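Chain residues, written in single-letter form:
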Amino acid sequence: MSEIESEFSNYFNYFTEVEEHFRRVRGTGLFLLSPLDWTLIEIWKNSGIPLEAVLRGIDVAFEKWRSKRSRIQMVNSIAYCAQAVGQEAQAMAGGPAAPRGRREVEAPFTLEELRQYLGKNAVDLRNAGMEDLAARLDTIGAGVEEHYRDLEQLEQTLTALEDKMIAMLRATLTEDELVGARRELDLQLRPYRSKMSADQLMMLEKQYLDRRILERAKLPRLSLFYLR
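Residues numbered from 1 in each chain as written. Predicted model: local features only at pLDDT ≥ 70, side-chain atom pairs only at ≥ 80, totals over all residues. Heavy atoms only, no water.

Draft legend 1. Representation of the pattern of salt bridges. One pass over the structure, following the stated rule, counts 16 salt bridges. We note a salt bridge from R115 to E145, for which the minimum N-O separation is 2.9 Å. Highlighted residues: R115 in helix α6 (residues 111-127) and E145 in helix α8 (residues 144-148), separated in sequence by 30 residues. Relative accessible area serves as the criterion here: at 29%, R115 is assigned to the partly exposed category. Two residues, R216 and E177, come together in a salt bridge whose shortest N-O distance is 3.0 Å. You can see R216 sitting in helix α11 (residues 198-217) and its partner E177 sitting in helix α10 (residues 175-189), a full 39 residues away along the chain. Using a relative accessible area of 41% as the deciding quantity, one classes R216 as partly exposed. For E177, a relative accessible area of 33% gives the class partly exposed. The network of salt bridges with common partners includes E42, E162, R211 and R221. (Salt bridge = Lys/Arg side-chain N within 4 Å of Asp/Glu carboxyl O. Helix = DSSP H or I, 4+ residues; strand = E, 2+ residues; numbered from the N terminus. Buried < 20%, exposed > 50% of the residue type's maximum accessible area, 1.4 Å probe, protein only.)

Dropping the structure here:
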């Protein structure tokens, strides 16, 4: 299997692949990723960082950690690997460019599972008073067979709807809630700030706050990456 074919075959398994690889390299099967970890993985995915670059970066970060004479603390966050992942992504981007044609993406879920996912999310949005967004999901669900044949386009549509939903929710947050969420993020990030650029930190804050907003509203993610 070529690198491009591998990338597309893992299209909807990005989060799972990274989670399992991190656990395996760390050597602790029961380790649970934190909201910060999931946010960082999402940023890598949204930024177009190849899965292979993330897996290589995790390997490199742990190799460096294990080479240290003093290993007082375990690696307790995937954020520890952020710098190495960025370097691997840059290295891969500097290699020879491979032609990228439009490829059909094989889904790890059935047509019926997709239909149920869209229907449940529409109900949740309608219960939250977001009738316009719920109606849009209903429309997508009505033509689910056609959308199932072009999952990349469907993912783009659902991501746009999710962005709109988050923007609506963000407007309802109080200043105290925003400050509290940022403090929480700062505490988690403190040991890893030196491994991230200013742009990465800014993106991480936005994505983390988006996650907290959805959790507060008890609303689901709409992206197909969360259909599992």
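Draft legend 2. Expanded view of helix α7 (residues 131-142). Between its terminal C-alpha atoms α7 stretches 16 Å, which fits the 16 Å expected from 12 residues at 1.5 Å a residue. Buried residues of α7: L133, A134, L137 and I140, and no others. An end-on view of α7 places all buried positions within 115 degrees of arc, on one side of the element. Opposite the packed face of α7, turned more than 90 degrees from it, sit the exposed residues D132, T139 and A142. Buried residues along α7 sit in contact with α6, α8 and α9 (151-170). (Expected span 1.5 Å × (residues − 1). Arc of directions from axis to C-beta. Contact = heavy atoms within 4.5 Å.)

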